[in-house]
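Tertiary structure, described
This is what each chain is made of:
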Amino acid sequence: MSSATVLALGIRALETMMLVSAPLLLAALITGLVVSVFQAATQINEMTLSFIPKLAAVFAALLIAGPWMTDVLVDYVQRLFADIPQLIG
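It should be emphasised that the depicted structure is a prediction, and the values quoted were computed from it without experimental measurement. (Residues numbered from 1 in each chain as written. Predicted model: local features only at pLDDT ≥ 70, side-chain atom pairs only at ≥ 80, totals over all residues. Heavy atoms only, no water.)

1. Notes on the packing of helix H1 (residues 3-42) against helix H2 (residues 51-82)
Heads up, the rule is: Helix axes are fitted to C-alpha atoms over the stretch in contact, other axes to C-alpha atoms as well, and angles between N-to-C directions run from 0 to 180 degrees. Secondary structure elements are defined from DSSP: runs of H or I of at least 4 residues count as helices, runs of E of at least 2 residues count as strands, and each element is numbered from the N terminus. Any angle that falls under 35 degrees is termed roughly parallel, while one over 145 is termed roughly antiparallel, one within 65 to 115 roughly perpendicular, and all others oblique. The classification used treats Ala, Val, Leu, Ile, Met, Phe, Trp, Tyr, Cys and Pro as nonpolar, Asp, Glu, Lys and Arg as charged, and all other residues, Gly among them, as polar.
Where H1 meets H2, the closest approach of the two axes is 9 Å, and the angle between their N-to-C directions is 170°. Overall, the two elements H1 and H2 adopt an arrangement that is roughly antiparallel. Split into classes, the residues belonging to the contact of H1 with H2 amount to 21 nonpolar, 3 polar and 3 charged.

This is how it looks when you write it as structure tokens:
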């Protein structure tokens, strides 16, 4: 296996990881921004106030995007397993 092949596998793995994690990270980012604006407007500086909405938003994003995320991961693993004979030989 050449270094170009290993690099291509690593790049594909990183792309898949970023694609799968994007919905959860965006949900947490948007929720954190909304809570921060709310805290700044009301001058409530409670650290635990941002935790529960972020947790709920990430859970909701997982429920909504979970099947798609699973499909992307299963497709990646199937392609990886299908490429094993070409990678070895």
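Structure's up, so let's keep going.
2. Side note on a nonpolar patch on the surface
This is how it is decided: Nonpolar side chains (Val, Leu, Ile, Met, Phe, Trp, Tyr) are joined into patches within 5 Å and like charges within 9 Å, using only residues with over 30% relative accessible area and no salt bridge. The accessible surface values rely on the Shrake-Rupley method and a 1.4 Å probe; as for residues, cover is taken only from the protein chains in view. For this analysis, a salt bridge means a side-chain nitrogen from Lys or Arg found within 4 Å of a carboxyl oxygen belonging to Asp or Glu.
A contiguous nonpolar patch, built from Leu26, Leu29, Ile30 and Val34 and spanning about 410 Å² of accessible area, is present on the exposed surface. Checked against the element boundaries, Ile30 lands in helix H1.

3. Thoughts on the confidence of the model for the chain
Worth spelling out the cut-off: On a range of 0 to 100, pLDDT expresses the predictor's confidence in each residue.
Per-residue pLDDT for the chain has a mean of 92; in total, 100% of the residues score no lower than 70. Across the chain, element-level confidence peaks in H2 with a mean pLDDT of 95 and bottoms out in helix H3 (residues 84-88) with 86.

4. Structural notes on the pattern of salt bridges
Oppositely charged side chains can pair when the atoms bearing their charge come close. Selection criterion: A simple rule labels every residue: compare its accessible area, found with a 1.4 Å probe on the protein chains alone, to the largest value its type can have, and call it buried under 20%, exposed over 50%, or partly exposed in between.
Applying the stated rule across the entire model yields 2 salt bridges. Here Asp83 makes a salt bridge to Arg12, at a shortest N to O gap of 3.4 Å. On the criterion of sequence distance, the pair formed by Asp83 in the loop between H2 and H3 and Arg12 in helix H1 is long-range, its members being 71 residues apart. For Arg12, a relative accessible area of 19% puts it in the buried group.

5. Quick look at unusual backbone geometry
Of note in the backbone geometry, Gln43 takes a positive phi value of approximately 60° without being a glycine. Checked against the element boundaries, Gln43 lands in the loop between H1 and H2. The exposure class of Gln43 is exposed, given its relative accessible area of 67%.

6. Considerations on H2
Filter applied, for reference: Note that the bend at a residue is defined as the angle between axes fitted to the seven residues ending at it and the seven residues starting at it. Throughout, a residue-residue contact means that at least one pair of heavy atoms, one from each residue, lies within 4.5 Å.
The sharpest bend along H2 measures roughly 60° and falls at Ala65, with the proline Pro67 sitting one to four residues further on. Taken together, the buried positions of H2 are Ala57, Ala61, Ala65, Gly66, Met69, Val72 and Tyr76. Residues of H2 that are buried in the fold lie against H1.

7. Focus: the side chain of Thr31
Inspection of the secondary structure assignment puts Thr31 in helix H1. Assessed through its relative accessible area of 16%, Thr31 is described here as buried. Excluding its chain neighbours within four sequence positions, the residues that come into contact with Thr31 are Pro53, Lys54 and Ala57.

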